[in-house]
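Each chain is listed here by its residues.
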Amino acid sequence: MKHESILVVDFGGQYNQLIARRVRDLHVFAEVVPYTEALQAIQEKEPRGLIFTGGPNSVSDSASPHADSALFETGLPVLGICYGAQLMAYQLGGTVETAPVSEYGRTVVRRKADSVLLNGITDETVTWMSHTDYISRVPEGFAVLAETDHCPVAAMGNDAKRFYAVQFHPEVTHSEQGQVILSNFVFEVCGCAGDWKMDSFIEDTIAAIRAKVGSGKALCALSGGVDSSVASVLMSKAIGKQLTCVFVDQGLLRKDEGDQVEAVFGPDGPYDLNFIRINAQQQFYGKLKGVTEPEEKRTIIGEEFIRVFEAEAKKIGAVDFLVQGTIYPDVIESGLGDSAVIKSHHNVGGLPDHVDFKEIIEPLRMLFKDEVREVGRKLGMPDYLVDRQPFPGPGLGIRIIGEVTEDKIRIVQEADAIFREEAANAGLDKVFGQYFAALTNMRSVGVMGDFRTYDYAVVLRAVLTSDFMTAEAAAIPWEILGKVTSRIINEVRGVNRVLYDCTSKPPGTIEFE
C-alpha cells in the first residue's frame, strides 16, 4: 500500500500521535518513527517530508536525543516543533538558551515576515506553548518568521532548503490556526496531494490480506469491541470462510456483553462468519488471583488470550494466521523507540514471546480510532456497532484497582450498567467519547439504614474526545450525577461511596490502569 507520506520523527514528545493524526486529517498518511530509525525509514518509505516532534529534554544536554545530521542532507522538507525547532536551530549553527521567561499554555504569536509556512495566518494568532529553553539566534540562512512577548523566535524558516520550525504546538486545538500551518507545510512545502482515503485503504488492505493468506486459514481474536469487530468484517470480506472468529468470554466484560456479542456475530447474526464462543472465566480468574500490578495484569490477560486461541486453533485444524484488532495508538502507547511506555496493550506489549501461529495479521494497525469507525461505516456495518463505546482488551481487569475478584467484577458490572443507562436516558451517550464505572481499592466508613458500613468506593469517568489521544473530563450535570450515585449506592451491594474523576488526558489516561 504505497501512499505519499509524512514521517513524524519522535524525540519523546507527548503529542507525537497527535501530530500524525492532524496530518491524516489532511488526507495525507503520517507515521511516527523513533529518531534513531528515521534514516532507515526514509529509505524504506520514501516520505515527502519530516516533522520533528517536541520532547522533554534540553538540546544542550549531551544525553538528550539528537537528529542524525544526515537527515538535513536528504533534500526533504523538515518542520521542527518545540524541541524539534530548538534541535534544528542547535544542530544547524544557531543558539539555544534557557529562556528568561518560560512560556506555558495560551500564548499570542505575532508574525514578523512572510513565508509559505504562514500563508493565511493572521498577524496575531493564539498558540499553545510549553517550553523553558528558546532559540536566541537563528542559523545562517534562516529568517525569523514570528515572535511572542518573551520568545524572539516563535517561528523561523529557510525557504531555499525548505526547513521550518515553530516553538509552539500547531497540532493541539488550542493553537487556533495550527492546522493551517500544518496544511501549508504538507501541501505547499512538501507538495502532497492528499491520497490517504479510507476507500482506497479498504481496497488495498483486502488485496494485501488475500495475497498474504492465500489458501491458508486465519483465526480472529474477536472481543466484540469496535476494533476487533471491524477487523473481523474486513477479514471476512477478504477471505470469507477461511476465517474463524473466536470470542473469548474471560469474565471481564460489561454486564450481559457476552450474550450481546454472540447475538451479533453468532449463527443468528447478520454476518456469515465461523463463530466460536469460549467461556473461560475461571481460567482467567485463576491466573489473576492475587495479582495487583497493572502491567502484570495486562501481560497475564494477553498471554492467556493467546493460549486460549492456540488451543482452539488445534481443535479446528491447521491455522496459519492470528488476526487482532490492534490500532495505532495501541502501538505507540506500548512504547515506540525511546518514547515512554504509557501502558502495554494486551495485543501489543502484552504478547508472550512465542505464539503458535505462522504470523499475526493486524489490518488496522496503522489506523486511529476515528479512521477505524470510518472503515466500519464504509464496510456497511451498522452504527450501533461502529459507534460502540471503546472497551479495553483487558476488560474490567484494568477498571478494578488492585486484585480482581468475582465479587469486584459484579460490583463494576452493575455500577457501570446503571451509569450507562442513566447517561443514555439523558442523551449523553452520544456526547461522551467514553464513559464507564471503575472500582477503587479504597474502602470507607458509611451509614446506611442507621448502620455502619465499610464498603468500596466506585469512581465514574466520562471524557470528551475525538481521537482518544487527548481528552477532557465531561461536565456532567449535577442532577444526573446525583441520580447515578443514588442508584449505585442503593442497588449495588458492597458500595457506599461514588466519586467522579475530573482528570484530563494528559496527565491521566482514559482508563485507570
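Keep in mind it's a predicted model, so treat the numbers as computed, not measured.

1. Section: the sheet that holds strand β4 (residues 78-81)
An order of β2-β1-β3-β4-β9-β8-β7-β5-β6 is seen for the 9 strands of this open sheet, with the pairing classed as mixed. Two strands in the sheet have a free side with no partner beyond their single neighbour: β2 (29-34) and β6 (124-137). Each adjacent strand pair in this sheet contributes to an overall mean axis angle of 20°, direction not counted. The sheet contact formed by strand β3 (residues 49-52) and β4 spans 3 bridges and is parallel.

2. Points about the environment of Ile 121
Structurally, Ile 121 is set in the loop between β5 (95-111) and β6. The buried category is assigned to Ile 121, whose relative accessible area is 8%.

3. Here's the deal with helix α1 (residues 16-24)
For α1, a buried count of 9 out of 9 residues is recorded, marking the element as mostly surrounded by other parts of the structure. Taken residue by residue, α1 has Asn 16, Gln 17, Leu 18, Ile 19, Ala 20, Arg 21, Arg 22, Val 23 and Arg 24 as its buried positions.

4. Section: the packing of aromatic side chains
Under the defined criterion, the tally for this structure stands at 14 aromatic pairs. Arranged with centres 5.8 Å apart and planes meeting at 70°, the rings of Trp 196 and Phe 201 form a pair that is edge-to-face. The buried category is assigned to Trp 196, whose relative accessible area is 5%. By relative accessible area, Phe 201 is classed as buried at 3%. The rings of Phe 11, Tyr 35, Phe 52, Phe 72, Tyr 83 and Phe 163 are connected pair by pair, giving a single aromatic cluster. Cation over ring: Arg 420 sits above Tyr 435, and NZ or CZ is 4.9 Å from the ring centre. For Arg 443, the ring lying beneath its charged end belongs to Tyr 456, and the centroid distance is 5.0 Å.

5. Brief notes about the nonpolar core
Residues Phe 265, Phe 309, Leu 364, Leu 460, Ile 476 and Ile 488 are the most contacted members of the largest nonpolar core, which totals 91 residues. Element by element, the count of residues in this core is highest for helix α6 (residues 226-239), at 8 residues. Setting aside chain neighbours within four positions, we find Phe 265 in contact with Leu 222, Ser 229, Val 233, Tyr 271, Leu 273, Phe 275 and Leu 385. Within the second largest apolar cluster, 36 residues are counted, among which are Val 28, Leu 79, Ile 121 and Val 331.

6. A word on helix α3 (residues 83-91)
Because the α-helix completes a turn every 3.6 residues, residues three or four places apart line up on one side. The buried count for α3 comes to 7 of 9 residues, which makes it a mostly enclosed element. Where α3 is concerned, the buried positions are Tyr 83, Gly 84, Ala 85, Gln 86, Leu 87, Met 88 and Ala 89. Considering only its buried residues, α3 is in contact with β3, β4, β5, β6, β8 (155-158) and β9 (163-166). One or two steps after α3, the chain reaches Gly 93, where phi turns positive at roughly 105°.

7. Here's the deal with the environment of Ile 409
Checked against the element boundaries, Ile 409 lands in helix α13 (residues 406-425). By relative accessible area, Ile 409 is classed as buried at 3%. Along the backbone, Ile 409 and Arg 399 are 10 residues apart, and their C-alpha atoms lie at a distance of 9.2 Å. Residues within four places of Ile 409 in sequence aside, it is in contact with Gly 251, Leu 252, Tyr 285, Leu 396, Ile 400 and Val 404.

8. Digging into the confidence of the model for the protein
Per-residue confidence for the protein gives a mean pLDDT of 89; residues scoring 70 or more make up 94%. Low pLDDT (under 50) marks residues 337-354, which in the prediction has 58 contacts with non-local residues, meaning those over four places away or in another chain.

The rules we used
Each chain has its residues counted from 1, running along the sequence as written. Only residues with pLDDT of 70 or above have their local features reported here, since the model is predicted, and side-chain atom pairs are shown and tallied only from 80 upward, although totals for entire chains, interfaces and linings are computed over all residues. Each side-chain value is derived from all of the structure's non-hydrogen atoms; neither hydrogens nor water enter the calculation. At least two DSSP bridges between two strands are needed for those strands to be called paired. Numbering of helices and strands starts at the N terminus; helices are DSSP runs of H or I of at least 4 residues and strands are runs of E of at least 2. Here the axes come from fitting lines to C-alpha atoms, over the contacting stretch only for helices, and the angles between their N-to-C directions go from 0 to 180 degrees. Residue exposure (1.4 Å probe, protein chains only): buried if accessible area is under 20% of the type maximum, exposed if over 50%, otherwise partly exposed. Planes of paired rings set the category: under 30 degrees apart is stacked, over 60 is edge-to-face and the rest tilted, where pairs are Phe, Tyr or Trp rings (Trp by its six-membered ring) whose centres lie within 6.5 Å. We call a charge positioned above a ring when the Lys NZ or Arg CZ atom is no farther than 6 Å from the ring centre and deviates by at most 35 degrees from the ring normal. Residues grouped as a nonpolar core are buried Ala, Val, Leu, Ile, Met, Phe, Trp, Tyr and Cys residues, joined through side-chain atoms within 4.5 Å. Residue contacts follow a heavy-atom distance rule, with two residues in contact if any of their heavy atoms lie within 4.5 Å. The predictor attaches a confidence to each residue, and that confidence, scored 0 to 100, is pLDDT.

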